[in-house]
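Notes for the structure review
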Amino acid sequence: MITIRQARANDEIAMQNCNLTNLPENYHMKYYLYHLATWPELSFVAENEQSRVVGYVLAKMNEDTAESLDGHITSLSVMRSYRRLGIAERLMNQAQRAMFEVFGAKRVSLHVRVSNIAAFSLYRNTLSFDIDHTEAKYYADGEDAYSMKKDLTTLYSLEKENLDF
Amino acid sequence: MSLTVSELPHKEQALFRAALKLYEVKQFKKGLKTCDQILKKFSDHGETLAVKGMFLAHLERREDAYELIKRGIEISPKSSISWHVYGIVCRFDENYEEAARCYEEALKADSENPTILRELGQLYTQLRQYQKLVETRSRIVKLDSKTPHFWLGLAVAHQLTGRNDLALKVVSTHEYIVLDETSPLKANNPNYKIEVSELLMYKNWLMELNGNYQLAVDNLKEIRPRVTDVTAWKEQKAKLLLKLDRKEAAALAYQDLIKRNPDSNVYICGYLSCNGLDISRPDDKDAVLEIIRGLQQQFPTSNTLKFLPLTFCDGDDFAKEADKLAKFSLRKGIPSLFTSMKTLYTDQTKGEALGKLFEGYASQLHDTKRLDDSTADEPLSVSTWCTFYLAQHADYYGNYERALQLMETAISVSPDTVDLYMVKAKILKHAGDIRGARDVMDFGRQKDLNDRFINTRTVKYMLRNNEVDEAEKTIVLFVRDDAEHMIQEIVDTQTTWYMRERGHAYRRLGDIGRALKHFHQVAHAFATYHNDQYDFHTYSMRKFTMRAYVDILEWEDQVFTDPVYIDSAAAAIGCYVDLHDRKAAGSPFVPISADVSKKPLTRNGTAKTGQHNLSAGVGEAKQAAVDVDPNGSTFVKAESHLENALKFVETLEKSVGSQPETHVSAFEVHLRMKKYFLALKSINSLRAIDDNHPSLVPMVVRINAALDADDSFAAPMKAALKGQLAK
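Residues numbered from 1 in each chain as written. Chains lettered and ligands numbered in written order. Predicted model: local features only at pLDDT ≥ 70, side-chain atom pairs only at ≥ 80, totals over all residues. Heavy atoms only, no water.

Notes on the overall build of chain A
Summing up its helical and strand segments, chain A has 4 helices and 7 strands in all. The order of helices and strands in chain A, counted from the N terminus, is β-α-α-β-β-β-α-β-α-β-β. Taken against the 2.2 N^0.38 rule, which gives 15 Å for 165 residues, the C-alpha radius of gyration of chain A at 16 Å falls within 12% of a compact globule. Dimensions of chain A, computed from the C-alpha atoms along their principal axes, are close to 55 × 40 × 30 Å. Per-residue burial for chain A yields a buried fraction of 58% across its 165 residues. (Helix = DSSP H or I, 4+ residues; strand = E, 2+ residues; numbered from the N terminus. Rg over C-alpha atoms; globule rule 2.2 N^0.38 Å. Buried < 20%, exposed > 50% of the residue type's maximum accessible area, 1.4 Å probe, protein only.)

Okay, structure coming up:
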C-alpha cells in the first residue's frame, strides 16, 4: 500500500501541500529546502500507490548549541484519509533512527498542542515520548504546547557492520 | 571624479571603508549618511556614488539607486567596486544575467578578488552556466586550495558539467585537508564527524557516477568506520553489488535494508532483482509471489508487502492475496482501502473480482454476522467499512445512485465518521451535483471543526461551486490569529492550491481581473521557489551536503513542470487571450469593482476599517503588502495582454514542451501576435507529439486564413510558410 522513503527535493512541494492541507503551522518553501540542505537524512515521506505524498516528517537537529545532540521534529502530518496504517509511526521511526545514526542524537523532542489528544496519544503511547515541560502560548493562536522528549540511546545502537563482501 | 578610493585623502578613505562595513551589517541608513559625508567634499567621486546607490537600493529607492550607480560607473568605468555594486543591486532584483555581466566587468579590474569570484560563482550556478562556473571556481581554488567549501564547489561544478572524473580528481587531491586525523578543521568543530561522513559518501557517489563500481565497492569497505549515514552506505552497497552482478551479496545487502524499512518498494524490488526476478514480467509471477510471501512472514506488519502481490498476481493467487488484505483492512477500519485498490481497477478482471469479493463479504456479514474465518461475530464496523468500499466501487463504475444508497446505509450506522461524508461528497461531485457535494462536505466539516484537512476539502468544494466569499470565510478559520491580514497570509504561506482554485472560480464567474490576479499569485510562488535555491549555491558546500545540493538543483530545473503551475499558467494565458480578443472586438473587459461594503477580514470576522489599507507598508521595511489591487485591474489595464501571455507561453514551452496543450496555448498567442513562424512552430511541435491531435486541423485552417487576411505580411514569406504548412 504505502511506501516509506527518504524525502528528496522533488517531494518538497508535496510536503508543503500536505502541511498546508492538514495543519495551521505552515512554512515557506525555503524552510523546507533549508532542512533538506542541512539535515538531508532526517526527513521522510509516505507515498501512496499513485505516487502521491500522503504523509511526511520534517526533522532537524537542534541548532541551539547547548542541546546540539537533540533531534527535533519540525512537523509531522498524515492526510486524514490515510489513517490507521501506522504511517506516522513509521515516519517517526525512520527519522529517529537517522537522528541517532547520522548525527549522534541522544534525544528527540517535539511540540504538540495540549488539546491535540490524537497526536499526544501517538507520541505518548505509541512512540513512548514523555512530557518534558509545557510551553505557554507556544502556538500563534495562543494555545499551550507540551514539549515532549524521548531518549534515543536506549532504542538504538551502532551496529557492527559486516565488511566481508 | 575618477579618483580611485586609494587616491582619496585618508579621512575619506576611512569613511569609504566604514561605509562598506556598514553595508555588511545591513545598516543602510548609516551607510547612506557616510557616503554623503564623502560626497560633500568630493561630490563626483564615482565609487562613492555607486556605493551610495547600493544603499538606496536597499532603502526602496530603486530608480535613484540605478541612476547613481550608472553615474558612478560612467565616471569610473574601470572601477571594480562600482561594477561590483551594480552587480549586487542587479542580483538583489533577481536580474541574474545582468548581474553576471557586471561581475565580469568587476573582475577585469580586480581579477583575484575572492568575494567577486565567489558571488559570480553563485550567479553562474543560478544561470546554469556550468562551464563558466568551473572556470570561476578553478580560479578560487588556485587562490585558496585549503578551504574545503572552495574545492568542494569546484568538484560539484565539474560534476554539473558531466565530468565526474574531474570532480573525483578534485576531491581525491584535496580530501586530506578534511580527512587527516591531524586536520585543523577538527578543532572546535562539533560537525567534524558529519562533514567527514558526507565527504566520503560524496566521493563514493562520484566513483559510482564515473562507472568505477569495483573501486567504489572497495572504497565503501574502507570508509565505513567513518561514515555516519548508515542508510546511504547500505544503499550504496546493495546498488553497487547489484551493478557488479554479485547477486548473492547484493541480496544479503537488500535483506539488511528491508529489515530497516520493510515498507520500501525500492528495497523490495531491489531484492527481487537480485534473484533475477522482475515484478512486471508475467513469467516471474510465481517466483516473485513465493519470495514476497516469505518476506511477509518475516515482516508481518509491512503494508507494502501486503499490497504488492495484488499488483502482479492474477486468478486464484490474486483472489487469495486480496482476501487476506481485505479482511485485515476491514477489521482494522482502514479508510483508504478503496483508494489503494483503485489502482488495480485498470485491469477489468481485477476490478470485477474485487467487487465480487466484497459483495460476498457483505452478504455473509448480513446473513451470519461473520466472515469465513471469523472466530466470533464481527463488530458492526466491519460491515460498515465493507459497505463503504462497495459504495466507492459503485462510484468508480458510474453507478452513482447505488453508490449513494450504500453511503446512506453506512452513514445511518455511523453518522459521526467524517470519512463517510468526504466520500459521499466526492460521489455527488462525480455525479455532477456540485452544490450537493459542497453541502455534504461542509456537513462533515462541522463534525470536526478542529481538523484542517476537511476544512481544506470543504473550501475546495465551495470554490468549485463558485462560492468565493464563503470559501474565504471558511479557510481563514485556520489562518494564524496574529496574521496582520488573513488573506495576504494565505498568499504569503504559498497556499497555491487555494489561489489556483479561486482563480478558476473567478474565471467561471466571468471576473477575468481577479482570476488573473490569482494565477499570477501562483506563478509568483513558483518563481519564489525557483529563486530560493540561490543561497544554497554556497551554503551547501559549507555544510558538506553536496549530494542533497545536486538533488536540489535537479528539482529546481524541473520546478515549472509542476501541474499546479502548468494549470495556472495555461489559465493565465487563456485569460490574457480573452482580454485581448474582447478589446479587439471593441468591448474590452471592465474590472469588476470591489464590493465597497466588504472589508478585509480579521479573526473575529469583524471588518477592519478601510483606513488600514492605506497605512500599511509605511515605516515597515518588508511587511506583507496589503492587497493594493483587489480586482486585478493592473492586469486588465496592462499595455499588452499578449506580451504578458507570451511570458507564460515561453516558460511552458521551455519546461513542458513535451505536452500537447503547451503548443495549443502557444499557438493562440503567436497567431494573435502575428508571429506566423512561431505559430507554425507550435503546429509542428504539436504534430511531432501527436499527429492526430484534434486541434491540428483547426490550427492549420486558422493560420492559413490569418495569412490570407494579413496584407502587411510579405508575400514571399507567406508563400514559404504556406509551403511549410502544406507538408
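On we go from here.
Observations concerning the pairing of strand 2 (residues 44-47) of chain A
Here strand 2 of chain A shows two buried faces, one formed by Phe44 and Ala46 of chain A and the other by Val45 and Glu47 of chain A. In this antiparallel pair of consecutive strands, strand 2 of chain A and strand 3 (residues 53-61) of chain A, the connection spans 5 residues, and serine 51 of chain A shows a positive phi of 60°. (Pairing = 2+ DSSP bridges.)

Thoughts on the interface of chain A and chain B
At the interface, 50 residues of chain A touch 71 residues of chain B. Taken over both partners, the interface formed by chain A and chain B buries close to 5,700 Å², and the fraction arising from carbon and sulfur atoms is 53%. Three residues, Met1, Arg80 and Phe165 of chain A, lead the burial of chain A against chain B; their summed loss comes to 16% of the area buried on that side. Taken together, the connections running from chain A to chain B amount to 12 salt bridges. Between arginine 80 of chain A and aspartate 451 of chain B there is a salt bridge, and its shortest N-O distance comes to 2.6 Å. Elements supplying a minimum of two residues to the side of chain A that touches chain B: strand 1 (3-6), helix 1 (12-22), helix 2 (29-38) and helix 3 (87-103) of chain A. Looking at the side of chain A that touches chain B residue by residue, the classes come out as 23 nonpolar, 13 polar and 14 charged. (Contact = heavy atoms within 4.5 Å. Buried area = accessible area lost by both parts, 1.4 Å probe. Salt bridge = Lys/Arg side-chain N within 4 Å of Asp/Glu carboxyl O. Nonpolar A, V, L, I, M, F, W, Y, C, P; charged D, E, K, R; others polar.)

A look at helix 30 (residues 512-532) of chain B
Between its terminal C-alpha atoms helix 30 of chain B stretches 30 Å, which fits the 30 Å expected from 21 residues at 1.5 Å a residue. Counting buried residues along helix 30 of chain B, 16 of its 21 residues qualify, which places the element largely inside the surrounding structure. (Expected span 1.5 Å × (residues − 1).)

Re the sheet that holds strand 2 of chain A
Strand pairing in a sheet relies on backbone hydrogen bonds, with the paired strands running either antiparallel or parallel. All names here are of chain A. Pairing is mixed across the open sheet formed by 7 strands, whose spatial order is 1-2-3-4-5-7-6. Edge strands, defined here as strands with exactly one partner in the open sheet, are strand 1 and strand 6 (130-135). On average, adjacent strands in this sheet sit at an angle of 25° to one another, irrespective of strand direction. Here strand 4 (residues 70-78) runs beside strand 5 (residues 107-113); their pairing, made up of 3 bridges, is parallel. (Axes fitted to C-alpha atoms, helices over the stretch in contact; angles between N-to-C directions.)

Considering the environment of asparagine 210 of chain B
Relative to the assigned elements, asparagine 210 of chain B resides in the loop between helix 12 (192-209) and helix 13 (213-223). As a C-alpha pair, asparagine 210 of chain B and glycine 162 of chain B span 48 residues in sequence and 9.5 Å in three-dimensional space.

Details of the pattern of salt bridges
Side chains carrying opposite charge are able to pair once their charged atoms draw close together. Applying the stated criterion across every chain, the model contains 65 salt bridges over all chains. Between glutamate 25 of chain A and arginine 113 of chain A there is a salt bridge, with its nearest N and O atoms 2.4 Å apart. Of this pair, glutamate 25 of chain A sits in the loop between helix 1 and helix 2 while arginine 113 of chain A sits in strand 5; the two residues are 88 residues apart in sequence, bridging distant segments of the chain. In this structure, the salt-bridge partner of arginine 331 of chain B is glutamate 378 of chain B, at a minimum N-O distance of 2.6 Å. Of this pair, arginine 331 of chain B sits in helix 19 (residues 315-332) while glutamate 378 of chain B sits in the loop between helix 21 (348-368) and helix 22 (380-396), and the two are 47 residues apart along the sequence. One network of salt bridges, with partners in common, ties together Glu101, Glu159 and Glu161 of chain A together with Arg224, Lys234, Asp256 and Arg260 of chain B.

Section: the pairing of strand 4 of chain A
Residues and elements named next belong to chain A. Counted residue by residue, strand 4 has 8 buried out of 9 residues, so it is predominantly covered. Bridge count between strand 3 and strand 4: 7 bridges; the pairing is antiparallel. What sits directly across from lysine 60, in strand 4, is histidine 72. Since strand 4 and strand 5 lie parallel, the crossover through helix 3 that links them has a hand, and here it is right-handed. (Right-handed = clockwise from strand over helix to strand, strands pointing away.)

Remarks on the packing of helix 10 (residues 164-174) of chain B against helix 12 of chain B
All names here are of chain B. In the contact formed by helix 10 and helix 12, the axes pass within 9 Å of each other and the chain directions differ by 150°. Comparing their axes, helix 12 and helix 10 come out roughly antiparallel. Handedness of the helix 10/helix 12 crossing: left-handed. Contact residues: helix 10 offers Asn164, Ala167, Leu168, Val171 and Ser172, while helix 12 offers Leu199, Tyr202, Lys203, Leu206, Met207 and Leu209. Class assignment for the residues of the contact of helix 10 with helix 12 results in 8 nonpolar, 2 polar and 1 charged. (Parallel < 35°, antiparallel > 145°, perpendicular 65-115°, else oblique. Left-handed = near helix turned anticlockwise from the far one by under 90°.)

Some details on unusual backbone geometry
The backbone of serine 128 of chain A shows a phi angle near 60°, a positive value even though the residue is not glycine. Inspection of the secondary structure puts serine 128 of chain A in the loop between helix 4 (117-126) and strand 6. With a relative accessible area of 46%, serine 128 of chain A lands in the partly exposed category. Unusually for a residue other than glycine, lysine 369 of chain B sits at a positive phi of about 60°. You can see lysine 369 of chain B is positioned in the loop between helix 21 and helix 22.

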